[in-house]
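The residues making up each chain are set out below.
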Amino acid sequence: MSLPFELVAQGKVREVYAVDDDRLLLVASDRVSAYDHVLPTPIPDKGRVLTALSVWWFEQLAPVLAEHGAEHHLLAAGDDLLASGVPAELTGRSMLVRRLEMLPVECVARGYLSGSGTVEYQRTGAIVDVPLPAGLVEGSRLPEPVFTPSTKAEVGEHDEAIGFAQVVDAVGADRAEVLRSLTLALYRRGAEIAEQAGIVLADTKFEFGTAADGLVLADEVLTPDSSRFWPAMTWSPGAPQPSFDKQYVRDWLTTSGWDRVSPPPDLPEDVVAATRDRYVRAYEQLTGLPWN
Ligand SMILES: N#Cc1c(N)ncnc1-c1cnn(Cc2cccc(F)c2)c1
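Nothing here was measured: the structure is a model prediction, and the numbers come from that model. (Residues numbered from 1 in each chain as written. Predicted model: local features only at pLDDT ≥ 70, side-chain atom pairs only at ≥ 80, totals over all residues. Heavy atoms only, no water.)

**Focus: the UniProt feature "domain: SAICAR synthetase/ADE2 N-terminal" (unreviewed entry) in the protein chain**
Stage number 1. Listed under "domain: SAICAR synthetase/ADE2 N-terminal" (unreviewed entry) in the UniProt record, and renumbered for this structure, are residues 8–263.
Stage number 2. The span residues 8–263 shows a helical share of 30% and a strand share of 29%, and its end C-alpha atoms are spaced 26 Å apart. (UniProt positions renumbered as here; feature names shortened; annotations may be inferred. Helix = DSSP H or I, 4+ residues; strand = E, 2+ residues; numbered from the N terminus.)

**Section: the nonpolar core**
Nonpolar side chains tend to gather and get buried jointly when the protein is soluble and globular.
Stage number 1. Counting 67 residues, the largest nonpolar core has Trp57, Leu186, Phe208 and Leu217 as its most contacted members.
Stage number 2. When residues in this core are grouped by element, the largest group, 10 residues, is from helix 5 (residues 173–196).
Stage number 3. Mapped onto the domain boundaries, this core takes at least three residues apiece from domain 1 (6–100) and domain 2 (102–254 + 271–283).
Stage number 4. Setting aside residues no more than four positions away along its own chain, phenylalanine 208 makes contact with Met102, Leu103, Cys107, Leu179, Leu182, Thr183, Leu186, Leu215, Val216, Leu217 and Ala218.
Stage number 5. With 11 residues, the next largest nonpolar core counts Phe5, Leu25, Val27 and Leu81 among its residues. (Core = buried A, V, L, I, M, F, W, Y, C linked by side-chain atoms within 4.5 Å. Buried < 20%, exposed > 50% of the residue type's maximum accessible area, 1.4 Å probe, protein only. Domains from an automatic or database assignment. Contact = heavy atoms within 4.5 Å.)

**Quick notes on the domain arrangement of the protein chain**
Stage number 1. What the domain assignment lists for the protein chain is domain 1 (6–100) and domain 2 (102–254 + 271–283).
Stage number 2. Centre-to-centre separation of domain 1 and domain 2, based on C-alpha positions: 19 Å.
Stage number 3. With 36 residues of domain 1 at the contact, the number on the domain 2 side is 36 residues.
Stage number 4. Along the contact surface separating domain 1 from domain 2 lie five salt bridges.
Stage number 5. In this structure, arginine 14 engages glutamate 220 in a salt bridge whose closest nitrogen and oxygen atoms are separated by 3.5 Å. (Salt bridge = Lys/Arg side-chain N within 4 Å of Asp/Glu carboxyl O.)

**Observations concerning the packing of aromatic side chains**
Stage number 1. For the coordinates displayed, the defined rule picks out six aromatic pairs.
Stage number 2. With 5.6 Å between their ring centres and 75 degrees between their planes, tyrosine 112 and tryptophan 230 make a pair best called edge-to-face. Highlighted residues: tyrosine 112 in strand 10 (residues 107–112) and tryptophan 230 in strand 16 (residues 227–231), separated in sequence by 118 residues.
Stage number 3. Note on tyrosine 112 and tryptophan 235: the rings are 5.6 Å apart at their centroids and 85 degrees apart in plane angle, and the pair reads as edge-to-face. With tyrosine 112 in strand 10 and tryptophan 235 in the loop between strand 16 and helix 6 (247–256), this residue pair connects regions lying 123 residues apart in the sequence.
Stage number 4. Overall, the relative accessible area of 8% leaves tyrosine 112 in the buried class.
Stage number 5. Ring pairing ties together the aromatic residues Tyr112, Trp230 and Trp235, which thus form one cluster.
Stage number 6. If you follow arginine 180 out to its NZ or CZ, it ends over the ring of phenylalanine 164, 3.7 Å from the centre.
Stage number 7. Geometry around phenylalanine 244 places arginine 278 over its ring, the cationic atom sitting 4.5 Å from the centre. (Phe/Tyr/Trp six-rings, centres within 6.5 Å; stacked < 30°, edge-to-face > 60°. Lys NZ or Arg CZ within 6 Å of the ring centre and 35° of its normal.)

**Re the environment of leucine 39**
Stage number 1. Here leucine 39 shows up in the loop between strand 5 (37–38) and helix 1 (46–67).
Stage number 2. Look at leucine 39 and you get buried, because its relative accessible area is 4%.
Stage number 3. Once the C-alpha coordinates of leucine 39 and aspartate 21 are considered, the two residues, 18 residues apart in sequence, prove to be 34 Å apart.
Stage number 4. Setting aside residues no more than four positions away along its own chain, leucine 39 makes contact with Val32, Ala34, Val249, Leu253, Pro264 and Leu267.

**Some details on the site of the ligand**
Stage number 1. Near the ligand, the surroundings consist of 16 residues, among which Val16, His73, Arg98, Leu100 and Asp219 are the closest.
Stage number 2. Here a nitrogen atom of the ligand and a side-chain polar atom of histidine 73 are 3.0 Å apart.
Stage number 3. Backbone polar atom of arginine 98 to a nitrogen atom of the ligand: 2.8 Å apart, as the coordinates give it.
Stage number 4. Those elements giving two or more residues to the shell around the ligand turn out to be strand 1 (6–10), strand 2 (14–20), strand 3 (23–28) and strand 8 (94–98).
Stage number 5. Ranked by residues supplied to the shell around the ligand, first place goes to strand 2 with three residues.
Stage number 6. Its residues assigned to classes, the shell around the ligand shows eight nonpolar, three polar and five charged. (Near = heavy atom within 4 Å. Polar contact = N/O pair within 3.5 Å; in protein donor to acceptor, adjacent residues only side chain to side chain. Nonpolar A, V, L, I, M, F, W, Y, C, P; charged D, E, K, R; others polar.)

**Some points on the sheet that holds strand 2**
Stage number 1. Read across the sheet, five strands follow the order 1-2-3-8-7 without closing on themselves; strand pairing throughout is antiparallel. Every other strand in the sheet has two partners, leaving strand 1 and strand 7 (74–77) as the edge strands with one partner each. Taking the axes of each pair of neighbouring strands and ignoring which way they run, one obtains an average angle of 30 degrees across the sheet.
Stage number 2. Of the strand pairs in this sheet, strand 1 and strand 2 are connected by four bridges, and their pairing is antiparallel. Following the sheet pairing, alanine 9 is matched in strand 2 by valine 16. (Pairing = 2+ DSSP bridges. Axes fitted to C-alpha atoms, helices over the stretch in contact; angles between N-to-C directions.)

Here it is as structure tokens:
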């Protein structure tokens, strides 16, 4: 698909194009990644579902942003993009956003212990400079949500957990405090809405930028690609929790005998269909809206 815009950033499953000096187009693909590999088989509608979910979350989070004197970067999505020269086949999986000065911090909020957080906790009893109580296990709910920032790794590298002091060094003390309080407030609101939908928001990553009028929430928000979503019904601390969206893919890859080093195999049609269904159900359960 060729676009009349310059490609300015490429992620595993998304691209960023420059529309003009002040606006960017974030395009979500149907690609899915697992075990740090982009799989060769697309998941139909994944890009459209995750874009629609981000658009919905920006609306839900606007009051929390306003309480903190911040805004979000979304300008337009869907059919409104046609006027900006976005081809019709891309409008459903694209967001027109304000071009910002991006802050060099991944703002991670965790309500549960999982993944790299568990590894760090088992090593030190904390997540960098965030002390945690003894006796926690993979999947444990934390006494309070915690802010556990990381660096923004180059594509293909892993983000590195950093302490609050490093956030202060990067953005200054006042802005670091706002990032922490706003990240936790956005997580709490997201977790509250997800809980009402029977979904555990275990953790999420926000990205922020700045514009003349202050702090702006950027990137995608509260999607299964930027967050860990677990079905609340099956939450059981003590082992890796089933992912709401990627568990079929992970389980099939494990049984397929793939060595997680060589290029990953194609997914069978039933795994593709079941995974598409999980993305659609995540959208419908969280938003309460039917997926058209
Ligand atoms: N959002 C946003 C944004 C903004 N509003 N202003 C300026 N820059 C960015 C921006 C640039 N890269 N990324 C991350 C990224 C990488 C790869 C693919 C993606 F879709 C996204 C975010």
